[in-house]
Amino acid sequence: MSGHSHAANIAAKKAKTDAAKGKIFTKVGREIAVAAKSNPDPDTNSKLADAIAKAKAVNMPNENIKRCIAKAAGELNATNYEELTYEGYGPAGSAVIIKTLTDNKNRTVDFVRTTMRKHGGSLGNAGCVSFTFSTLGVIVIERTADLEEDVVMEYALEAGADDFIAEDDAFIVHTSVANFSSVRKYLEQKNLNFFEAQIDMLPQNKITLAGEELVKFNKLIDALEDLDDVQNVYHNVDLPEEEEE
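> I'd love a proper account of the pattern of salt bridges, names of residues and values included.
It is possible for side chains bearing opposite charge to pair when their charged atoms get close. With the rule as written, the count across this model stands at 11 salt bridges. One salt bridge connects K23 with D228, and the closest N-O pair in it is separated by 2.8 Å. Of the two residues, K23 sits in helix 2 (residues 18-36) while D228 sits in the loop between helix 8 (211-225) and strand 8 (230-235), which places them 205 residues apart along the sequence. Accessibility expressed as a relative area gives 52% for D228, which makes it exposed. Ionic pairing is found between D229 and R107, a salt bridge with its closest N-O pair at 3.0 Å.

Structural data, given as structure tokens:
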């Protein structure tokens, strides 16, 4: 099986500061709470089960997960969170997609637009860059000495995955959006350790930036990811390995 490689960013995950982890936990926790609002049982709520898997992949403590689910029955009942997507262009015409979860659309679009403009980017119309991305499930599995590549590939095929990629420190499984939950569940039952498990948007083609353009681009992505309402940021820039770590 072959396809687009998806960097695991394992070193970055392991080196996160407590403050950065707190930010990640807050964002993932909001996804859990919103998913649990309609049904707090992950056995019958696949969206909640997927959100929990994503939380576990970033090492969110079980107590935090339980607290987020419990919170869904309380304060979130009075809060109407909305999933909104913004698209635009970064430095040198790079493509950027911003996924948000917000209870105030006007605040969020203002913050996103201002951040884009401040760092040399601009918002575009819906669909202006998303047609150059593929939406799919991505599961990044820790590669250990006792885990054979052929065995993991067989698991992925049995589960119904679309693609399998072996990298030095991880195995990467791609699925359709429709099959993501079932594939994730199957691989979980094989007691594999996930570095990542989520619906992702991968660029069909990447561009390379250098010098000042690369510096500006990294500052833009950092600033967008730092916004409270932003859940995920996707782009088509092929970052140097040292930038990803």
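> Provide a residue-level description of the sheet that holds strand 1 (residues 82-89), including the pertinent values.
Read from one edge to the other, the open sheet built from 4 strands follows the order 3-1-2-8, with strand pairing classed as antiparallel. What marks the edges here is a single partner per strand, and that holds for strand 3 (122-123) and strand 8. Strand contacts of helix 8: strand 2 (95-102) and strand 8, with the helix running at about 155 degrees to strand 8, the strand carrying the most contacts.

> Talk me through the environment of D228; I want residue IDs and the actual numbers.
D228 sits 128 residues away from T100 along the chain, and the two C-alpha atoms are 8.8 Å apart. Those residues in contact with D228, other than ones at most four positions away along the chain, are K23, K27 and R30.

> Now, about the sheet that holds strand 5 (residues 163-166): what can you tell me, with residues and values included?
Taking strand neighbours across the sheet as the criterion, the 4 strands line up as 5-6-4-7 in an open arrangement whose pairing is antiparallel. Each having just a single partner strand, strand 5 and strand 7 (194-203) make up the two edges of the open sheet. On average, each strand axis in the sheet is inclined to that of its neighbour by 25 degrees, with strand direction left out of account. Bridge analysis of strand 4 (residues 133-142) against strand 6 (residues 170-175) gives 6 bridges, and the strand direction is antiparallel. What sits directly across from I141, in strand 6, is F171. Contacts between helix 7 (residues 180-189) and the sheet are confined to strand 4, strand 6 and strand 7, with strand 4 contributing the most and set at about 5 degrees to the helix.

> An account of helix 4 (residues 62-72) is needed here, citing residue identities and associated values.
Inspection of helix 4 places I65, C68, I69 and A72 among the buried residues, and these make up the whole buried set. Looking straight down helix 4, one finds its buried side chains confined to an arc of 95 degrees; they lie on one side. Seen from the open side of helix 4, the exposed residues pointing more than 90 degrees away from its buried face are K66 and A70.

> Kindly report on the pairing of strand 2, identifying the contributing residues and their values.
Here strand 2 lies mainly inside the structure; 7 of its 8 residues are buried. Summarising the sheet, strand 1 and strand 2 pair through 8 bridges and their orientation is antiparallel. Bridged to T85 within strand 2 is K99. Linking two consecutive strands that pair antiparallel, namely strand 1 and strand 2, is a turn of 5 residues; a positive phi of about 60 degrees is found at A92 within it.

> Would you mind going over the packing of helix 5 (residues 105-118) against helix 8 in detail, with residue names and values included?
Where helix 5 meets helix 8, the closest approach of the two axes is 9 Å, and the angle between their N-to-C directions is 165 degrees. With respect to their mutual orientation, helix 5 and helix 8 come out roughly antiparallel. As for how helix 5 packs across helix 8, the hand of that crossing is right-handed. For the pair helix 5 and helix 8, the contacting residues are V112, T115 and M116 in the first and L220, A223 and L224 in the second. Partitioned by chemical class, the residues of the contact of helix 5 with helix 8 number 5 nonpolar, 1 polar and no charged.

So, how was this worked out
- Each chain carries its own residue numbering, running from 1 in the written order of its sequence.
- Given that the model is predicted, a residue must reach a pLDDT of at least 70 before its local features are reported, and side-chain atom pairs must reach 80 or more before they are shown or counted; all residues, however, enter totals for whole chains, interfaces and linings.
- Neither water nor hydrogens contribute to the side-chain values; these are computed over all heavy atoms in the structure.
- By definition, a salt bridge exists where a carboxyl oxygen of Asp or Glu is found within 4 Å of a side-chain nitrogen of Lys or Arg.
- Strands are runs of DSSP state E lasting at least two residues, helices are runs of H or I lasting at least four, and both sets are numbered from the N terminus onward.
- Relative accessible area decides the class of each residue, using a 1.4 Å probe on protein chains only: under 20% of the type maximum gives buried, over 50% gives exposed, and in between gives partly exposed.
- Pairing between strands requires that DSSP locate at least two bridges from one strand to the other.
- Only heavy atoms enter the contact rule, under which two residues are in contact if any of them lie within 4.5 Å.
- In this analysis, axes come from line fits to C-alpha atoms, helices being fitted only over the stretch in contact, and the angle between any two N-to-C directions falls in the range 0 to 180 degrees.
- Throughout, the arc means the angular range of directions from the helix axis out to the C-beta atoms.
- Should an angle fall under 35 degrees it is called roughly parallel, over 145 degrees roughly antiparallel, and 65 to 115 degrees roughly perpendicular, with every other angle called oblique.
- A crossing counts as left-handed when the near helix is turned anticlockwise from the far one by less than a right angle, and as right-handed when that turn is clockwise.
- Lys, Arg, Asp and Glu make up the charged group, whereas Ala, Val, Leu, Ile, Met, Phe, Trp, Tyr, Cys and Pro make up the nonpolar group; the residues left over, Gly among them, are polar.

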